[in-house]
Amino acid sequence: MNYYYITGTSRGLGKALAEHFLNAAPNNCVIGISRSQGLEHKNYTHYAVDLGDPEMVREFHFPPHHDARQIVLINNAGVIGMIRPAGKTSAGAIINNYNVNLIAPALLTNSFMKAYAESNVKKIILNISSGAAKNPIEGWANYCSAKAGIDMLSRVIAEEQKNAGAYPFRILSVEPGVVDTQMQEEIRSASPEDFRRLNDFINYKIENQLAHPAIIAKKYAYILEHMDHFNDVLVSVKNIAEQ
Ligand SMILES: NC(=O)c1ccc[n+]([C@@H]2O[C@H](COP(=O)([O-])OP(=O)(O)OC[C@H]3O[C@@H](n4cnc5c(N)ncnc54)[C@H](OP(=O)(O)O)[C@@H]3O)[C@@H](O)[C@H]2O)c1
């Protein structure tokens with residue numbers, strides 16, 4: 001069996017990823033983690049977890065899979081959070097942003113690696129990054145810095161795994177480009193005073209530049225199936241042809 005742990009499966013890219021793997025092969029099992037459940041399938045198990053609550057994330061445990069051929073963790077759940085310049089944001093919004101975008105992936109990655117350290121199967125962690133990890137976008141300080149943190153977390157773990165004994169993990173941090181999801185709707189509803197690039201994002205939608213989540217999910221699946229093609233930890237789906 002192939003086991004895919006995916007956060008944020010209730011909608012958007014995470015749901016498209018889950019649907020892709022569930023439809024791709026009968027021996028694929030998806031374990032989804034988000035507050036609400038958006039999927040029903042015989043090979044789908046849902047865990048209702050608020051990733052903004054680190055104590056709840058700590059309590060999530062990865063069980064043994066003795067019949068596994070491959071075990072994958074996709075840290076996909078994310079929030080754009082409050083779009084405002086620093087100095088105008090609320091403390092709660094800042095804390096939730098880092099909890100969901102950085103602390104939860106770091107905790108889940110750590111417990112995934114603890115659980116399967118001795119497992120002699122293919123073990124892959126895919127972190128969903130963003131162009132915002134590399135480019136400062138005004139009004140997005142917490143989102144940009146959390147995604148930059150995800151990139152560096154992935155790079156450090158990849159270095160560690162080069163000397164990690166018999167059963168190393170592979171890890172990549174992959175940016176999806178702009179995707180037509182609720183997150184983009186939230187970005188378009190930001191206030192023009194707080195978000196100078198608002199019109200750029202409105203135009204992405206008007207000009208049909210937002211990719212369908214299913215198209216991007218297929219590109220992530222291609223990456224997972226061709227891990228040997230990727231030497232760099234940081235990857236952009238822009239460099240992957242449509243599948
Ligand atoms: N859309 C884009 O253009 C774009 C561009 C670059 C990067 N990304 C990244 O792509 C990933 C997916 O984003 P998306 O566009 O698909 O967003 P989305 O449509 O808003 O979906 C976000 C998912 O994350 C989950 N989530 C949010 N807060 C959560 C919480 N507190 N606890 C548990 N789950 C939570 C949501 O589930 P619940 O609400 O049910 O909990 C939902 O399933 C994110 O990491 C995002 O940063 C997106």
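Look up: the structure comes first, before these words.
Owing to the predicted nature of the structure, the values given are computational and were not obtained by experimental measurement.

Draft legend 1. Local environment of the site of the ligand. Contacts to the ligand come from 28 residues, most closely from Gly8, Gly12, Arg35, Gly78 and Thr181. Elements supplying a minimum of two residues to the shell around the ligand: α1 (12-24) and α5 (182-188). Class assignment for the residues of the shell around the ligand results in 11 nonpolar, 14 polar and 3 charged.

Draft legend 2. Broad picture of α1. With 13 residues, α1 ought to run about 18 Å at 1.5 Å a step, and its terminal C-alpha atoms sit 18 Å apart, in line with that. Gly12, Leu13, Gly14, Lys15, Ala16, Leu17, Ala18, His20 and Phe21 are the residues of α1 that are buried.

Draft legend 3. Quick look at the pairing of strand β2 (residues 28-34). In terms of burial, β2 is largely enclosed, as 6 of its 7 residues are buried. Sheet analysis places strand β1 (residues 2-7) next to β2, joined by 6 bridges and oriented parallel. Looking at β2, one finds that Ile6 is bridged to Gly32. Inspection of the sheet shows β2 paired to strand β3 (residues 44-48) by 5 bridges, in the parallel sense.

Draft legend 4. The arrangement of helix α3 (residues 91-115) in detail. With 25 residues, α3 extends 34 Å between its outermost C-alpha atoms, agreeing within 8% with the 36 Å of an ideal straight helix rising 1.5 Å per residue. Maximum bend of α3: about 45°, positioned at Asn99. For α3, the full list of buried residues reads Asn97, Val100, Asn101, Leu102, Ala104, Pro105, Leu108, Thr109, Phe112 and Met113. Those residues of α3 that are buried lie in contact with β1, α2 (54-58), β4 (70-75), β5 (122-128) and α4 (141-162).

Draft legend 5. Spotlight on the packing of α1 against helix α7 (residues 213-225). Packing of α1 against α7 leaves a shortest axis separation of 8 Å and a crossing angle of 60°. Regarding the angle of α1 to α7, the classification is oblique. As for the relative orientation of α1 and α7, their crossing is right-handed in sense. On α7, the residues touching Gly12, Leu13, Ala16, Leu17, His20 and Ala24 of α1 are Pro213, Ala214, Ile216, Ala217, Lys218, Tyr220 and Ala221.

Draft legend 6. Looking closely at unusual backbone geometry. Phi angles above zero are rare outside glycine, and Asn208 is one such case at about 60°. Tracing the chain through its elements places Asn208 in the loop between α6 (198-206) and α7.

Draft legend 7. Structural detail: the sheet that holds β2. Pairing in this open sheet of 7 strands is parallel, and the strands run β3-β2-β1-β4-β5-β6-β7 from one edge to the other. For this open sheet the edge positions go to β3 and β7 (234-236), each flanked by a neighbour on one side alone. Between one strand axis and the next, the sheet turns through 20° on average, direction left out of account. Pairing geometry for β1 and β4, over 5 bridges, is parallel. Considered in β4, the bridge of Tyr4 is made with Val72. The strands touched by α3 are β1, β4 and β5; relative to β4, the strand with the most contacts, the crossing angle is about 170°. α4 contacts β5, β6 (170-175) and β7 of the sheet and is inclined by roughly 155° relative to β6.

Analysis parameters
Residues numbered from 1 in each chain as written. Predicted model: local features only at pLDDT ≥ 70, side-chain atom pairs only at ≥ 80, totals over all residues. Near = placed C-beta within 6 Å. Helix = DSSP H or I, 4+ residues; strand = E, 2+ residues; numbered from the N terminus. Nonpolar A, V, L, I, M, F, W, Y, C, P; charged D, E, K, R; others polar. Expected span 1.5 Å × (residues − 1). Buried ≥ 20, exposed ≤ 12 C-beta atoms within 10 Å, placed from the backbone. Pairing = 2+ DSSP bridges. Bend = angle between axes of the 7 residues up to and from the residue. Contact = placed C-beta atoms within 7 Å. Axes fitted to C-alpha atoms, helices over the stretch in contact; angles between N-to-C directions. Parallel < 35°, antiparallel > 145°, perpendicular 65-115°, else oblique. Left-handed = near helix turned anticlockwise from the far one by under 90°.

Functional significance is not addressed by these values, which are geometric in nature.
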